[in-house]
Amino acid sequence: VPAVSRKASPNKQERQRVQIYLPIADIPVNIFLLLAMGAAVGFVSGMFGIGGGFLMTPLLIFVGITPGVAVASVASHIAASSFSGALAYWRRRAIDPALASVLLTGGIIGTTLGVTTFTLLRSLGQLDLMIALSYVVLLSGVGGAMFWEGLRAILRAYRGEAATIRRPGSHGWIHGLPLKMRFKRSKIYISIIPVVAIGILIGFLGAVMGIGGGFILVPLLIYLVRVPTSTVIGTSMVLTLVTMMFATVLHAATNHLVDAVLALILMVGGVIGAQFGARAGQMIRGEQLRLLLGLLVLAVGIRFAVQLVIRPEDLFTIRETGVSE
Amino acid sequence: MSASRLAIGFVLALIATGIVSPTRAERLIVSVSNHRVTVTPNYAGEELVLFGSVEKDGQTHAAQAGYDLVVTVSGPRTDMVTRRKERRFGIWINTDSRQFIAAPGYLALFANRPFEAIASPELQRRQQLGLSNVQLTERASPDDADVMPDDAFRRAFVRLQSQRGFYREDTTAVTFLTSTLFRTGIPLPAAVPIGTYDVEIKLFAKGVYVTKTDTAFEIVKVGFEQFVAGTARQNGLVYGLVTTAMALMTGWLASIVFRRD
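Each value, and the rule that gives it
- Starting from 1, residues in each chain are numbered consecutively following that chain's sequence as written.
- A letter from A marks each chain and a number from 1 marks each ligand, given out in the order of writing.
- With pLDDT at 70 or above as the cut-off, local features in this predicted model cover only qualifying residues; side-chain atom pairs require 80 or more to be listed or tallied, and sums for whole chains, interfaces and linings still use all residues.
- Computation of side-chain values: all heavy atoms of the structure, hydrogens and water removed.
- Note on conventions: DSSP H or I runs of at least 4 residues are helices, E runs of at least 2 residues are strands, and numbering of each starts at the N terminus.
- The classification of residues rests on relative accessible area computed with a 1.4 Å probe and restricted to protein chains. Under 20% of the type maximum is buried, over 50% is exposed, and intermediate values are partly exposed.
- Two residues form a contact once any of their heavy atoms are found within 4.5 Å.
- Using a 1.4 Å probe, the Shrake-Rupley method yields the accessible areas, and only the shown protein chains count as cover for residues.
- Helix span is expected to be 1.5 Å times the residue number reduced by one.
- This arc is taken over the directions from the axis of the helix to the C-beta atoms.
- Note on definitions: buried area is the accessible-area loss of two parts on being combined, 1.4 Å probe, summed for both.
- Salt bridge criterion: a side-chain nitrogen from Lys or Arg within 4 Å of a carboxyl oxygen from Asp or Glu.
- In protein, a polar contact requires one atom able to donate a hydrogen and another able to accept it; more generally it is a pair of N or O atoms within 3.5 Å, and residues adjacent in sequence count only if both atoms are side-chain atoms.
- Charged means Asp, Glu, Lys or Arg here, nonpolar means Ala, Val, Leu, Ile, Met, Phe, Trp, Tyr, Cys or Pro, and polar covers whatever is left, Gly included.

Draft legend 1. View of the overall build of chain A. Tallying secondary structure elements over chain A gives 12 helices and 5 strands in all. Going through the 325 residues of chain A one by one, you find that 50% of them count as buried. Put simply, of all contacts in chain A between residues at least 6 apart along the chain, 76% involve residues at least 24 apart. Split by element, the accessible area of chain A, about 14900 Å² in all, is 66% carbon and sulfur.

Draft legend 2. View of helix α7 (residues 236–257) of chain B. Here α7(B) contains 22 residues, and its C-alpha end-to-end distance of 31 Å stays within 8% of the 32 Å for a straight helix at 1.5 Å per residue. Among the residues of α7(B), Gly236(B), Tyr239(B), Gly240(B), Thr243(B), Thr244(B), Ala247(B), Thr250(B), Gly251(B), Ala254(B) and Ser255(B) are the ones counted as buried. Each buried residue of α7(B) sits inside an arc of 150° when the element is viewed along its axis, so together they form one side. In α7(B), those exposed residues whose orientation departs by more than 90 degrees from the buried face are Val242(B) and Val257(B). Contacts from the buried residues of α7(B) go to α4 (67–91), α10 (229–254) and α11 (260–282) of chain A together with α6 (223–234) of chain B.

Draft legend 3. Broad picture of the interface of chain A and chain B. Opposite the 65 residues of chain A that make contact, chain B presents 66 residues. The junction of chain A with chain B conceals about 5600 Å² of combined surface from both sides, 61% of it contributed by carbon and sulfur atoms. Here chain A is connected to chain B by 0 salt bridges. At the boundary of chain A and chain B, one finds 10 residue pairs in polar contact (both at pLDDT 80 or more). The class makeup of the residues in the side of chain A that touches chain B is 37 nonpolar, 16 polar and 12 charged.

The following block contains the structure:
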C-alpha cells in the first residue's frame, strides 16, 4: 500500500520552509514577514519612545490574524518591550515608585473591566466592530491633536517667533479633590483620585484595544497631574508593563487567545528594531517627531474608518463557538 | 397470515426505497493510505488516498454493473456561527446571525460522475449526496431546524468553508482503475481541523443505492505546536503566566544586550 502521496512542487516546498504555523491564531504565516513587522514597529517605538501597540495590533489584523488574537498576543509583546524600557529608567532612577503604585491600583481595575468587556463583546459578535471603532475614535482624536501641535510648533519656528511657553493651567478642580498624597520623587502633592482614574482608563483601553497606551498616558500625566518630564516616561512604562502582564494572564485564562509563538517572534523583531529606532529618533527635532507621530497615529485611525465605511467584500463571516454536547 | 403479508410488504417497501437490494450481493473493501495524519509546525497540507474495490458474488457481472461511487469525508463536528453585516449609521456592522449546530469542520463529497447522473433528486436528498443536500442543523432561535438549501446563511456558510478549502465537492475525483477497483484523493489543507474524520463510501448502480461501508482516519497535531495549543486551552492560567515570564525574559535580555549606560 503506497504511503501518503506528496504532490509538493519545489515552489510549495520553498514556501513551507519560511511558513510557521501559529498554534492559537490557527493560520500559517511567513516568519520573515512577522519578524519584519516586529522590527518596523520596534523601530517606530524606539524612535518615538512609545510601546507601538497601536501599530502592531492593526498590522496583525491587516495580515489576517483575527482581532481577538491580535489584541491578546500584542499585550505580551508590549510587556516585553516596556520591561526592557522600564529597566533602563529604573537604573537612572527615573521612576516614581509611589506614583506608579497608585496608577497600578487603577490599572489593575481597568484591565479587569477591559477583559470582561472584551469577553462579553466577543460572545455578542461585536468585538471586531468595537475594536475598529475604538481605534477610529481614539487614534483620529489623539493623532489629529498631535499633528496640529507639531504643525503649529514648526510654523512658529519657521516664522522665527519665540515659542509661547504654555504653562499648564492651574486645574483648580483637581487640586480641590480630597485624598491628597505626596509623591516625593516627582515632587508633586496631588489627590490620588485623578491618578487612579487615569490608571483605570489606560488599563481598560489596553485590554480592549491591545495598546500600551503610552501615547495617551504621558500627555495625561504631564498636563493633568503635572508629573515632571524626568519621571513621566519611566513611571508610565511601569504602568504599561504591569497592565499588559495582567492583561496577558487574563486573556489567556478567559479567552484562550494569546498566541505565544506569535508574541515571541514579534518580541524578537521588536527589540532589534527599537535599537535602531532610538538612534534615528535622536537625529530628528522634537516638534518634527511629534508631527510624524501624529501623522502615523492619524493614518492608522483613518485606515480603520475606511474599513468600516466601505462595503466589505463578504458580508458573511463564520466563527467556531465550541463543541456542543 | 396478515403478519407475514405485512413483513413482505415491508421488505418490498425497503427494496423500493433502495435500502435493501437482494438481487445484488456487492461488498465494498476500502482503505486509506494513512490512518493517522500528523500536523507539524511546517505542515502545508497534503493529500490522502482512498483505495477500494467492489467485491461481487458469482452472479453479478462487472460489465452489466455500471457502478457509481460517492465518498463523503466529514471532519470533527463543532458549533459555528455565521454572521451577516449590514449598513447601520453609515458603517458595516454584524446584525443577523445563525448558529450551526455540530457542523463538520471538514466536509468533502467525491463521486465518479455528477450526482444527477448517479441518483434521482429524491435519492440524492435522502442519501445526502452533494453539499447542497448535506444536512446542516441551524439554530434559528429558539427551535432547532434543518434548513433549506437555499437559505442565505447556509449558502454563505458553505461558500466560506469552501473558500477556506474545508468544504469541497468534486464529481470527477473518484476514478475507476478497473471496473471494480477505484481510488480517490482526499486533499487536506494546512489549517485543517484536528480530530477524527469519518469516511463513508456509498455504492450505487443504475440509480439505485446498493451498499455502503465506513472507514476513518485521524488528524493529530504533534510537537511543540500541539503542546502550545493544548496548554492554552486546558491550562489557560499557567499558559498566561509562562507567556508573561517569557515576555519578561525577552525584555530583560534585550536590556542586557543593548545596554548603553
